[in-house]
Every structure is written in structure tokens, then in C-alpha cells.
Amino acid sequence: MLLFILFIGIPLLEITLFIQIGGVIGLGWTLAIVILTALLGAWMVRSQGAQAMLNLRQSFSSLQDPTEHLAHGAMILFSGALLLTPGFFTDFVGFALLVPAVRSAAYRTLRDRVEVQSFQMGPGGDPRRGPPPRRHPDDRVIDGEFEEVDPPDRTSRGPSGWTRD
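Now for a look at the structure at hand.

What counts and what doesn't
- Residues numbered from 1 in each chain as written.
- Predicted model: local features only at pLDDT ≥ 70, side-chain atom pairs only at ≥ 80, totals over all residues.
- Heavy atoms only, no water.
- 1 Å grid on protein atoms, 1.4 Å probe; cavity = no way out; pocket = protein on both sides within 12 Å on 5 of 7 lines; lining within 4 Å.
- Points joined across faces, edges and corners; volume = space filled by probe spheres on them.
- Helix = DSSP H or I, 4+ residues; strand = E, 2+ residues; numbered from the N terminus.
- Nonpolar A, V, L, I, M, F, W, Y, C, P; charged D, E, K, R; others polar.
- Salt bridge = Lys/Arg side-chain N within 4 Å of Asp/Glu carboxyl O.
- Buried < 20%, exposed > 50% of the residue type's maximum accessible area, 1.4 Å probe, protein only.
- Core = buried A, V, L, I, M, F, W, Y, C linked by side-chain atoms within 4.5 Å.
- Contact = heavy atoms within 4.5 Å.
- Axes fitted to C-alpha atoms, helices over the stretch in contact; angles between N-to-C directions.
- Parallel < 35°, antiparallel > 145°, perpendicular 65-115°, else oblique.
- Left-handed = near helix turned anticlockwise from the far one by under 90°.

1. Observations regarding the layout of surface pockets
- Estimated volume of the largest pocket: approximately 240 Å³.
- In terms of lining, the largest pocket is formed by 10 residues, of which the most central are Thr-67, Tyr-107, Arg-111, Val-114 and Val-116.
- If you list the elements that add at least two residues to the lining of the largest pocket, you get α3 (67-84) and α5 (100-113).
- By residue class, the composition of the lining of the largest pocket is seven nonpolar, one polar and two charged.
- The computed volume of the second largest pocket comes to approximately 200 Å³.
- If you trace the second largest pocket, you find it lined by Leu-6, Ile-10, Pro-11, Glu-14, Phe-78, Leu-82, Thr-85, Pro-86, Phe-89, Thr-90 and Val-93.
- Contributions of two or more residues to the lining of the second largest pocket are made by α1 (2-25), α3 and α4 (88-97).
- Sorting elements by how many residues they give to the lining of the second largest pocket places α1 first, with four residues.

What follows is the structure, given as C-alpha cells:
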């Protein structure tokens, strides 16, 4: 029911804002603002998205929990969709999600409401013991045990049975 209200309410709010703002500043300026916010939003999403990807890669390489960086990236992506959608309310919410403090507050709110059952990093990693030791890509050493076995003495025995004389 909440989604139904959102799908009906947000477009009605956008239409109302278009009519009200368009009546005050005119149609041309209203359209110019909508196009300008889409262009500005796309540029901001691109720059902040690149930074979010860099932060995410760093968290992966240092084996830190990437949850917050993933959430920030998802919110930046969602803000881009909102900014490309024509409307003043969606632009307001989209620009708000581009503010790091707003994203952090939204992340903390969601984190407090979600309970994680288990978490595992990398193949074979045990959360209680930590991730397995990392190996260098050029490391070709294989550890193992061996026992030297003397070859059998072929002169004392006859043919193996697999050959014909």
C-alpha cells in the first residue's frame, strides 16, 4: 500500500510543483531549471560515483567491511536516477542524497534497522578466525611431504604379466 501511495503521490506532487513554480517564473525558466538540474546532477553523480568506487576498491584491498561504501554507491546511483527524472521534488531528494552527511545519516538509520545474520569475506574465510592468509600472485611454492622410494629391482623378477614373451 505504501508503494501505491508513493507511485500516485509523488507524480501528483511534481505536477503541483510544476504548475505553481511555472505560474510564478514562467514556462521557459521552469524548463531551463529542470534541464540545468539534470545536467548538474549528472556531473555531480559522475564525480561522486568515481570517488565511491575508489573507496570501495580500497576497502576490498584492505579487507575492510565494504558495506558502508556499497550503500553510499547505491545512494549515489539512486540520486542520479532521481536527478534525471524531471521534477522539483525528485531533484531536491536527489541533490540531498549527494550530500555525504545525508548519505551517512541514511546509512546509519538503515544499519540500525537491519540485522545481519552472517558475514564472510573471501573464499574459505571464517569470520571468527579472520580471512585466510593472502598469497602473492608470483608465489609458486607448493608445500608438501615426500618419501624417497627406491626403484624395484627388475632383474630378480620375471615379466609383469602385462607383456608377452
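Resuming the write-up.
2. Quick word on the pattern of salt bridges
- In total, this model carries one salt bridge according to the counting rule given.
- The partner of Asp-112 in a salt bridge is Arg-111, and the shortest N-O contact between them spans 3.9 Å.
- Among the residues examined, Arg-111 registers a relative accessible area of 43% and is labelled partly exposed.

3. Some thoughts on the nonpolar core
- Counting five residues, the largest nonpolar core is built from Val-45, Ala-52, Ile-76, Leu-83 and Leu-98.
- Elements with a contribution of two residues or more to this core: α2 (27-61) and α3.
- Beyond its immediate chain neighbours, meaning those up to four positions away, Val-45 contacts Ile-76, Ser-79, Gly-80, Leu-83 and Leu-98.

4. A closer look at the packing of α3 against α4
- Between α3 and α4, the shortest axis-to-axis distance is 8 Å and the interhelical angle comes to 155 degrees. When the axes of α3 and α4 are compared, the pair comes out roughly antiparallel. The two elements α3 and α4 cross, and the hand of that crossing is left-handed. Across the interface between the two elements, Met-75, Phe-78, Ser-79, Leu-82 and Leu-83 from α3 touch Thr-90, Asp-91, Val-93, Gly-94, Phe-95 and Leu-97 from α4.

5. Observations regarding the packing of α1 against α4
- The N-to-C vectors of α1 and α4 enclose an angle of 105 degrees; their axes lie 7 Å apart at closest approach. As judged from the angle between their axes, α1 and α4 are roughly perpendicular. On α4, the residues touching Ile-10, Leu-13, Glu-14, Leu-17, Phe-18 and Ile-21 of α1 are Phe-88, Phe-89 and Thr-90.
- Class assignment of the residues belonging to the contact of α1 with α4 gives a composition of seven nonpolar, one polar and one charged.

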